[in-house]
Amino acid sequence: MIDVDLSLVNWSRAQFAFTAMYHWIFVPLTLGLSFLCAFYETIYLKTGDEEWKKITRFWMTLFGINFAIGVATGIILEFEFGTNWSNYSWMVGDIFGAPLAIEGIFAFFIEASFFAVMFFGWNRVSKGFHCFSTWMVAIGSNLSAVWILVANGWMQNPVGMVFNPETARFEMENFAAVVFNPVAVSKFTHASSSGFVMASAFVLTVSCWYLLRGKHVQMAKKSIVVASVFGLIASVFVGFTGDEAAYEVAQKQPMKLAAMEGLFTGERGAGLVAFGIINNSKGPGDAQDAFLFDVKIPGLLSLLANREFGSFVPGIDDLVYGNEKEGVMGVNTMMEKGKLALADLSSFREAKKNNLEDAAADALARFEVNKEFMGYGYLNTPEEAVPPANIVFNAFHLMVVMGTLLPAIFAAFLFFTLKNSVTKQKWLLPVGLFTALFAFLAQQAGWVTAEVGRQPWAIHGMMPVKIATTNLSTTSVQITFAMFAAVFTLLLLAEISIMLKQIAIGPEGH
Amino acid sequence: MTTAATRVLDFYRDGFRRMTVGKTLWKIIIIKLLIMFAVLKLFFFPNFLKTNFETDEQRADYVLEQITRSPVHNN
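Residue positions are given per chain, counting from 1 as you read along its sequence in written order. The order in which chains are written sets their letters, starting at A; the order in which ligands are written sets their numbers, starting at 1. Owing to the predicted nature of the model, reporting of local features is limited to residues with pLDDT of at least 70; listing and counting of side-chain atom pairs is limited to 80 or more, with chain, interface and lining totals taken over all residues. The side-chain values count all of the structure's non-hydrogen atoms but skip hydrogen atoms and water molecules.

Caption draft 1: Inspection of the overall build of chain A at higher detail. Each helix is a run of DSSP H or I of at least 4 residues and each strand a run of E of at least 2, with the numbering of both proceeding from the N terminus. Summing up its helical and strand segments, chain A has 19 helices and eight strands in all. Each radius of gyration reported is based on C-alpha atoms, and the globular scaling rule is 2.2 Å times the count of residues to the power 0.38. Compactness check: chain A gives a C-alpha radius of gyration of 25 Å against a globular reference of 24 Å for 510 residues, within 12% of the reference. With respect to the principal axes defined by its C-alpha atoms, chain A has extents near 80 × 50 × 40 Å. Between two residues, a contact is recorded if the distance between any of their heavy atoms is within 4.5 Å. Counting contacts in chain A only where the partners sit at least 6 residues apart, residues at least 24 apart contribute 78% of the total. Here chain A displays about 20,400 Å² of accessible surface, and carbon together with sulfur accounts for 66% of that area. Residue exposure ignores everything except the shown protein chains as possible cover, and the areas themselves are Shrake-Rupley values with a 1.4 Å probe.

Here you go:
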């Protein structure tokens, strides 16, 4: 059983997680469905077959519904930054300002121009320009996502910045380093391609529903062919980008990797857990077994983490208490350095206030020595640096299982549709009905892995979540949490209801 | 110039007029934005630092105080 700490920090954390997870219901469908619409319309443009136009307009309507319901749900997150996370918001303003502004400009530019052509332009502009507009919406939506993921990548691996102790802000030193941060690049490729998988799975689910009811059979089969090809390619690509993302985690956030694999004691030639039941009561430094039951593939974790079979992968205990033999500095040591950094930062502030320039310069010089460990100075115990390994392990493995199923499902649908026997596969169509659910679970589990796995940090190594929060009353956060729950649930119900209505109407109504 | 502007205006006007499911979606968007900006943002989500401090210097000083002597992390 998970103990829930109903403190201000955890309510603020829960509220942000809740709104982000709801927002991410809509985003991946937008990212992927926009490209599927572009594919369908390109086929229409090339063949002139009116059936493809009907197919394009049908999926475009569902895309529009999802976009309309989802649009601006991300703004809530920005409200929360200003109110619930004011310390954090102030400190990262210089870093996030540029990426978020570019994201806003992209979104506005696309929505005001090409989006209108996409929906209002049928028979009003040339077929070629209409198709071009659809492609621009797809490309623009995905480029828009780049900037948000650049911001997220920076929190996981803060690069290209310098901390200014006078303004208490992280200031951008190198824009290219922030944009091409390897964590941000792998995040974008992994998250956007998983959006393609989500949308392809959604098309399979709706199409299978038609096939099982014997309705719109030709439209459903044609939709499946394109979605299966796109989904298969995207899901294989997701595997490669996931491997790259995990490698970056191993290099930059080893504690997260240890939690993902439930690895408490580091080892050379570490095995990858193929199946395991994690021991929920296991904590760092205790003598309990990490698993109640597990099956490991020998050496594979070392290979994935370091690209070398016999390499050392640190476990949670090594990272918390240190492992001198393997050259791992423990959190306990980092905490000492971090506390020195914070004390020097405090001395610098006091000296500045009292116009003691020499004392301020001395304090600043001392702060510079340990500033990279600043965040660790806020921890009360070394164990506080450990994320809830059971949640991270289960979420990661759920994502992997779902992510492994999906390419197989897409391949099966592609094979039988091309053989023109998909309607005869009575076992496959019900599987297709659940494909969107599988993809949805993989999406959400992936973000739980990424975000719960990086706890306790808001900015990795620099700022724990508890320091990022505004000192508000817990009650006010609870009230707004309830309000968001109500608003977002209503929006989701509206989306489901309008989509189901349009799916029931089918392509003939478009 | 006028003709081009008129054509663009006509394009949008006709587009909005011919909407079917789009009308419902626009209603949802407007209600949603009203709730977000006129209720949530206005009454429940003031920008803490902008509301409570007048200058960036004051804000920086407050945040520095928070991160060097935070009551939360001293729990």
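Caption draft 2: Structural view of the overall build of chain B. Scanning chain B from terminus to terminus reveals four helices and zero strands. Each helix and strand of chain B, ordered N terminal to C terminal, gives the series α-α-α-α. Think of it in three bands: residues with accessible area under 20% of the maximum for their type are buried, residues over 50% are exposed, and the middle band is partly exposed, with areas taken using a 1.4 Å probe on protein chains only. Burial statistics for chain B: of 75 residues in total, 36% are counted as buried. Surface exposure of chain B reaches about 5,100 Å², of which carbon and sulfur atoms provide 62%.

Caption draft 3: Broad picture of helix H2 (residues 21-44) of chain B. Here a helix's expected span is defined as the number of its residues, less one, multiplied by 1.5 Å. End to end, H2(B) covers 32 Å across 24 residues, agreeing with the expected 34 Å (1.5 Å per residue, within 8%). The axis of H2(B) is deflected most strongly, by about 25°, at Met36(B). When H2(B) is considered as a whole, its buried residues turn out to be Val21(B), Gly22(B), Leu25(B), Ile28(B), Ile29(B), Lys32(B), Met36(B) and Leu40(B). Each element contacted by the buried residues of H2(B) is listed here: helix H2 (50-70), helix H3 (75-84) and helix H19 (474-505) of chain A. Bending is quantified residue by residue as the angle between axes fitted to the seven-residue window ending at that residue and the seven-residue window starting at it.

Caption draft 4: Focus on the interface of chain A and chain B. Listed by partner, the interface residues are 57 residues for chain A and 43 residues for chain B. Across the chain A/chain B interface, buried area totals approximately 4,100 Å², and carbon plus sulfur atoms make up 73% of it. Accessible surface is computed with a 1.4 Å probe, and the buried area is the amount of it that two parts give up when combined, taken over both parts together. When the buried area of chain A at its contact with chain B is split by residue, Phe79(A), Phe120(A) and Arg349(A) rank highest and sum to 18% of it. Salt bridge, as used here: a side-chain nitrogen of Lys or Arg that lies within 4 Å of a carboxyl oxygen of Asp or Glu. There are three salt bridges connecting chain A and chain B. Two residues, Asp61(B) and Lys353(A), come together in a salt bridge whose shortest N-O distance is 4.0 Å. Polar contacts, as used here, are pairs of N or O atoms within 3.5 Å; protein pairs need one atom able to donate a hydrogen and one able to accept it. Residues neighboring in sequence count only if both atoms are side-chain atoms. For the pair chain A and chain B, the interface holds eight residue pairs in polar contact (both at pLDDT 80 or more). If you list the elements that add at least two residues to the side of chain A that touches chain B, you get helix H1 (8-47), H2, H3, helix H4 (86-112), helix H5 (114-120), helix H13 (331-353), helix H18 (465-468) and H19 of chain A. In terms of residues, the side of chain A that touches chain B owes the most to one element, H19(A), which gives nine residues.

Caption draft 5: Geometry of the environment of Val125(A). Within the secondary structure, Val125(A) sits in the loop between H5 and helix H6 (127-156). Taking the relative accessible area as the measure of exposure, Val125(A) reaches 25% and is therefore partly exposed. With residues near it in sequence (within four places) discarded, Val125(A) still touches Val117(A), His130(A) and Phe11(B).

Caption draft 6: How the structure looks around the state of the cysteines. Residues and elements named next belong to chain A. The disulfide definition used here is simple: a pair of cysteine sulfur atoms within 2.5 Å. The tally for this structure, following the rule as stated, stands at zero disulfides over all chains. You can see Cys 37 has no disulfide; the closest cysteine sulfur is in Cys 131, sitting 11 Å from it. A residue is classified by how much of its surface remains accessible, and Cys 131, at 4% relative accessible area, is buried.

Caption draft 7: Looking closely at the pattern of salt bridges. Residues and elements named next belong to chain A. Per the stated rule, a full pass over the model turns up 20 salt bridges over all chains. Between Lys 352 and Glu 166 there is a salt bridge; the shortest N-O distance is 3.9 Å. Placement of the pair is Lys 352 in helix H13 and Glu 166 in the loop between strand E1 (161-164) and strand E2 (169-172), with a sequence separation of 186 residues. Residue Lys 352 is classed as partly exposed on the basis of its relative accessible area, which comes to 27%.

Caption draft 8: Highlighting H6(A). When the terminal C-alpha atoms of H6(A) are compared, their 44 Å separation across 30 residues agrees well with the 44 Å that a helix rising 1.5 Å per residue should span. With respect to burial, H6(A) is a largely interior element, 21 of its 30 residues being buried.

Caption draft 9: Expanded view of the packing of helix H8 (residues 182-213) of chain A against H19(A). All names here are of chain A. Working convention: axes come from line fits to C-alpha atoms, limited for helices to the stretch in contact. Angles between N-to-C directions cover 0 to 180 degrees. As a packed pair, H8 and H19 sit with axes 11 Å apart at the nearest point and diverge in direction by 50°. Judged by the angle between their axes, H8 and H19 are oblique. Note that H8 runs across H19; the crossing there is right-handed. Between H8, through Phe 202, Val 206, Trp 209 and Tyr 210, and H19, the contact on the second element is made entirely by Met 499, Gln 502 and Ile 503. Under the convention adopted here, Pro, Cys and the residues Ala, Val, Leu, Ile, Met, Phe, Trp and Tyr are nonpolar, Asp, Glu, Lys and Arg are charged, and Gly plus all remaining residues are polar. Class assignment of the residues belonging to the contact of H8 with H19 gives a composition of six nonpolar, one polar and no charged. Relative orientations are named as follows: roughly parallel for angles under 35 degrees, roughly antiparallel for angles over 145 degrees, roughly perpendicular for angles from 65 to 115 degrees, and oblique for any other angle. For any pair of crossing helices, the crossing counts as left-handed if the nearer helix is rotated counterclockwise from the farther one by less than a right angle, and right-handed if it is rotated clockwise.

Caption draft 10: Here's a closer look at the pairing of E1(A). Residues and elements named next belong to chain A. By the convention used here, strands pair only if DSSP detects at least 2 bridges between them. As paired strands, E1 and E2 are joined by four bridges and run antiparallel to one another. Bridge assignment links Met 161 to a residue of E2, and that residue is Met 172. Counted between consecutive antiparallel strands, the loop separating E1 from E2 contains four residues, among which Ala 168 sits at a positive phi close to 60°.

Caption draft 11: Highlighting the packing of aromatic side chains. Working definition: rings of Phe, Tyr and Trp (its six-membered ring) pair if their centres are within 6.5 Å, and the pair is stacked with planes under 30 degrees apart, edge-to-face with planes over 60 apart, and tilted otherwise. Inspection of every chain in the model, using the stated rule, returns 48 aromatic pairs over all chains. Each ring, one from Trp11(A) and one from Phe481(A), has its centre 5.2 Å from the other, and the planes form 85°; the classification is edge-to-face. With a gap of 470 residues between them, Trp11(A) in helix H1 and Phe481(A) in helix H19 connect regions that are remote in the sequence. Summarising the burial analysis for this pair, Trp11(A) and Phe481(A) share the class buried. Relative to Tyr12(B), the ring of Phe120(A) lies with its centre 6.3 Å away and its plane at 90°, an arrangement referred to as edge-to-face. You can see Phe120(A) sitting in helix H5 and its partner Tyr12(B) sitting in helix H1 (residues 2-18), one on each of two chains. Among the residues examined, Phe120(A) registers a relative accessible area of 13% and is labelled buried. Through pairs of rings, three or more aromatic residues link up here, namely Trp11(A), Phe18(A), Tyr22(A), Phe79(A), Phe481(A), Phe484(A), Phe488(A), Phe37(B) and Phe45(B). By definition here, charges over rings are those cases where NZ of Lys or CZ of Arg is within 6 Å of the ring centre and within 35 degrees of the ring normal. Directly above the aromatic system of Trp90(A) lies the positively charged group of Arg169(A), at a separation of 4.3 Å from the ring centroid.

Caption draft 12: Geometry of the nonpolar core. One finds Leu36(A), Tyr40(A), Trp59(A), Ile69(A) and Phe413(A) to be the most contacted residues of the largest nonpolar core, which totals 80 residues. Of all the elements, H8(A) adds the most residues to this core, at twelve residues. The contact partners of Tyr40(A), leaving out residues within four places of it in the chain, are Trp52(A), Ile55(A), Thr56(A), Trp59(A), Val203(A), Lys222(A), Ser223(A), Val226(A) and Ala227(A). One finds Trp90(A), Val150(A), Ala341(A) and Val63(B) within the second-largest nonpolar core, a separate group that totals 43 residues. Definition used in this section: a nonpolar core is a set of buried Ala, Val, Leu, Ile, Met, Phe, Trp, Tyr and Cys residues joined via side-chain atoms within 4.5 Å.

Caption draft 13: Highlighting unusual backbone geometry. All names here are of chain A. Cis peptide bonds are those with omega within 30 degrees of zero, and the linkage from Gln 455 to Pro 456 qualifies with 15°. The backbone of Arg 307 shows a phi angle near 65°, a positive value even though the residue is not glycine. Topologically, Arg 307 is positioned in the loop between helix H11 (300-306) and strand E6 (312-313). Overall, Arg 307 belongs to the partly exposed group, its relative accessible area being 37%. Positive phi is not limited to glycine here, since Asn 355 has a value of about 55°. By secondary structure assignment, the location of Asn 355 is in the loop between H13 and helix H14 (357-370). A relative accessible area of 60% means that Asn 355 is categorised as exposed.

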